[in-house]
Amino acid sequence: MFGAMLVDQLGRPLRDLRISVTDRCNLRCTYCMPAGIFGPDYAFLPRAELLSFEEIERLARTFVSLGVQKLRITGGEPTLRRDLPELISRLAKIDGVQDIALTTNGLLLPRLSAELRAAGLDRVTVSIDSLDPEVFGRMNGLGTHPQKVLDGIEAALTAGLGVKINTVVQRGVNEDGLRNLWLALRDKAVLRFIEFMDVGNHNGWNLDSVVPSREVLARLSADGSGAEFAPVSPNYAGEVAARHVSADGHEIGLISSVSAPFCGDCSRARISAVGVLYTCLFAGSGTDLRAPLRAGADDGAMRELVAGVWSARHDRYSEERGEITRGQRERQKVEMSHIGG
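Below you will find a few notes about this structure. Numbering of residues starts from 1 in every chain and runs along the sequence as written. Local features in this predicted model are restricted to residues of pLDDT 70 or higher, and side-chain atom pairs are both shown and tallied only at a pLDDT of 80 or more, whereas totals for entire chains, interfaces and linings draw on every residue. Working from all heavy atoms in the structure, the side-chain values ignore hydrogens and water.

1. Some remarks on the overall build of the chain
A helix here means a DSSP run of H or I that spans at least four residues, while a strand means a run of E at least two residues long, and both kinds are numbered starting from the N terminus. Helix and strand counts for the chain come out as 11 helices and 12 strands. In this treatment the radius of gyration is a C-alpha quantity, and the globule benchmark scales as 2.2 Å times the residue count to the 0.38 power. Taken against the 2.2 N^0.38 rule, which gives 20 Å for 341 residues, the C-alpha radius of gyration of the chain at 19 Å falls within 12% of a compact globule. In terms of its C-alpha atoms, the chain occupies a principal-axis envelope of roughly 60 × 45 × 40 Å. Long-range pairs, those at least 24 residues apart, make up 72% of the contacts in the chain with a sequence separation of at least 6. In the form shown here, the chain has an accessible surface area of approximately 14,500 Å², with 50% of it arising from carbon and sulfur atoms. Here the positive residues are Lys and Arg and the negative ones are Asp and Glu; neither His nor the chain ends is included. A charge is said to be at NZ when it belongs to Lys, at CZ for Arg, at CG for Asp and at CD for Glu. Positive and negative charge centroids in the chain, built from 40 and 43 side chains respectively, lie 1 Å apart. Pairs of residues are marked as contacts when any of their non-hydrogen atoms sit within 4.5 Å. Areas reported here follow the Shrake-Rupley algorithm with a probe of radius 1.4 Å; residue values treat only the protein chains shown as occluding.

2. Here's the deal with the pairing of strand β4 (residues 123-127)
Bridge count for strand β3 (residues 99-104) against β4 is four bridges, and the pairing is parallel. Across the sheet, the residue bridging to threonine 104 is valine 126, located in β4. Orient the strands so they point away from the viewer; a crossover is then right-handed if the path from the first strand over the helix to the second runs clockwise. Between the parallel elements β3 and β4, the chain passes through helix α3 (residues 109-119) in a crossover that is right-handed. In terms of strand pairing, β4 meets strand β5 (residues 162-169) through five bridges, oriented parallel. The residue bridging serine 127 from the neighbouring strand is asparagine 166, located in β5. The rule for pairing is simple: two strands pair if DSSP sees at least two bridges between them.

3. Digging into the packing of aromatic side chains
Side-chain rings of Phe, Tyr and Trp, where Trp is taken by its six-membered ring, are said to pair if the distance between their centres is within 6.5 Å; with planes under 30 degrees apart they count as stacked, over 60 as edge-to-face, and otherwise as tilted. Using the criterion set out here, one finds three aromatic pairs in the structure. On the basis of an interplanar angle of 70° and a centroid distance of 4.9 Å, the ring pair of tyrosine 42 and phenylalanine 44 is categorised as edge-to-face. Summary of the burial criterion: residues with accessible area below 20% of their type's maximum are buried, those above 50% are exposed, and those between are partly exposed, where the area comes from a 1.4 Å probe applied to protein chains only. Given the relative accessible area of 16%, phenylalanine 44 is considered buried. Geometrically, a lysine NZ or arginine CZ counts as sitting over a ring once it is within 6 Å of the ring centre and also within 35 degrees of the ring normal. Just above the ring of tryptophan 182 sits the side chain of arginine 186; from NZ or CZ to the centre is 4.7 Å.

4. Side note on the sheet that holds strand β9 (residues 251-255)
Read across the open sheet, the 12 strands follow the order β7-β8-β9-β6-β5-β4-β3-β2-β1-β10-β11-β12; overall the sheet is mixed. The open sheet has two edge strands, β7 (229-231) and β12 (287-288), and neither has a second partner. Across five bridges, strand β1 (residues 16-20) lies against strand β2 (residues 70-74) in parallel orientation. Opposite serine 20, over in β2, you have threonine 74 as the bridge partner.

5. Notes on unusual backbone geometry
Peptide bonds are, in most cases, trans, and in most cases residues other than glycine have a negative phi. Cis geometry is found at the peptide bond from glycine 75 to glycine 76, where omega equals 10°. Within the secondary structure layout, glycine 76 lies in the loop between β2 and α2 (84-92). Notably, aspartate 83 is not glycine yet its phi reads approximately 60°, a positive angle. With respect to the helices and strands, the residue aspartate 83 is situated in the loop between β2 and α2.

6. Quick look at the pattern of salt bridges
Opposite charge on two side chains lets them pair, provided their charged atoms get close. By definition here, a salt bridge exists when the distance from a side-chain nitrogen of Lys or Arg to a carboxyl oxygen of Asp or Glu is within 4 Å. Enumeration according to the criterion identifies 18 salt bridges in this entry. Among the ionic pairs, arginine 294 bridges to glutamate 55, the shortest N-O distance being 2.7 Å. Remark: glutamate 55 occurs in helix α1 (residues 53-65) and arginine 294 occurs in helix α8 (residues 290-294); sequence separation between them is 239 residues. Classification of arginine 294 as partly exposed rests on a relative accessible area of 43%. By relative accessible area, which is 14% here, glutamate 55 ends up buried. Where glutamate 57 meets arginine 61, a salt bridge forms, and the shortest distance between an N and an O atom there is 3.1 Å. Residue glutamate 57 and its partner arginine 61 are located together in helix α1, separated by four residues, close to a single helical turn. Overall, the relative accessible area of 16% leaves glutamate 57 in the buried class. The partly exposed category is assigned to arginine 61, whose relative accessible area is 39%. Here the residues in one salt-bridge network are Glu54, Glu57, Arg61, Glu86 and Arg90, joined through shared partners.

7. As for the side chain of serine 267
Take serine 267: it is sitting in the loop between β9 and β10 (268-271). The class of serine 267 is buried, set by a relative accessible area of 5%. Look past the residues within four positions of serine 267 in its chain and what remains in contact with it is Pro13, Leu14, Arg15, Asp16 and Trp310.

8. Focus: the side chain of arginine 12
Mapped onto the elements, arginine 12 comes out in the segment before β1. One polar contact links the side chain of arginine 12 to the main-chain carbonyl oxygen of cysteine 263, over a distance of 2.8 Å. Arginine 12 has contacts with Leu6, Val7, Cys263, Gly264, Asp265, Cys266, Trp310, Arg313, His314 and Asp315, leaving out every residue within four places of it along the chain. Contacts described as polar in this section are N or O atom pairs within 3.5 Å, which, within protein, must combine one atom able to donate a hydrogen with one able to accept it, while residues neighboring in sequence count only if both atoms come from side chains.

9. Looking at the packing of α1 against α2
To get an axis, fit a line to the C-alpha atoms, keeping to the stretch in contact for a helix; angles then go from 0 to 180 degrees between the N-to-C directions. In the contact formed by α1 and α2, the axes pass within 10 Å of each other and the chain directions differ by 25°. As the angle between them shows, α1 and α2 are arranged roughly parallel. Between α1 and α2 lies a crossing of right-handed hand. Contacts between α1 and α2 pair Phe53, Glu54, Ile56, Glu57 and Ala60 from the former with Leu84, Glu86, Leu87, Arg90 and Leu91 from the latter. The scheme is simple: roughly parallel for angles under 35 degrees, roughly antiparallel for over 145, roughly perpendicular for 65 to 115, oblique for anything else. Should the near helix be turned anticlockwise from the far one by less than a right angle, the crossing is termed left-handed; should it be turned clockwise, right-handed.

Don't take any of this as a statement about function, it's just geometry.
Below, the structure is given as structure tokens:
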């Protein structure tokens, strides 16, 4: 049954799997886990509800057998998961996995980078939204200084990990500091600037808060025109960031989910920390994979289940956002802290 390439209803193959390993985080970023909602009394998931490393490995093998080539570990903040290098080591041994990456806020990378690299991790994507301590402290919700993230970036580079940097851009919050951020870090890593998205239900998203990528490009330019950047071809089909290169050869990425949706070639599936499969970042519901795993389903049954979900997939939320946000403002979506970015 699985000899042919598995595709969804829009002809999109399954190539990328993002696996959340925890719903906890050591920051309270306003666009993900605002402190007013995720406060000291917030009930995070008990350990027994999280997928074990054995269960994650088994699900990863299932997805790889159906075409997945890249794995990304997410959270919450994945470095908070105890013994994370052990999981990376397990995943690195799966035949067919071409790349293992980690999305992180970078705070624990000084302690973990070398061990994660030795275990088989290839890359990290580190989030930092401003170099201004006041702005960054406000955005991360806890007053954490950007130097702590910069130290994590340096540790990752020293360990030999590939590094990309993600910056979420919000109108009236951090757009004035984008060029300073880029100039400071462009020689260390590729920076990717992300339009503020309506992920989850509590981040106060509205269209007025979105800084379109074309404006970001202009703000990064010395003359404010954006003309010093030229578009370049994607590295691979389904790449989420539109690549541009400056006149002096520095690359940036623009992730334009709001102004220029890229649903048409999305090849990503996501598994939450409790084993729910989501076929879209903006999904309202998913498919429980943990229950059949723990009930004793064999590998064939799990493959049938995942293949059935993917082959029925027709998500294209970002392309539909206009009419959805006007007509269904109360639409509930899974929280980013449950499935990462």
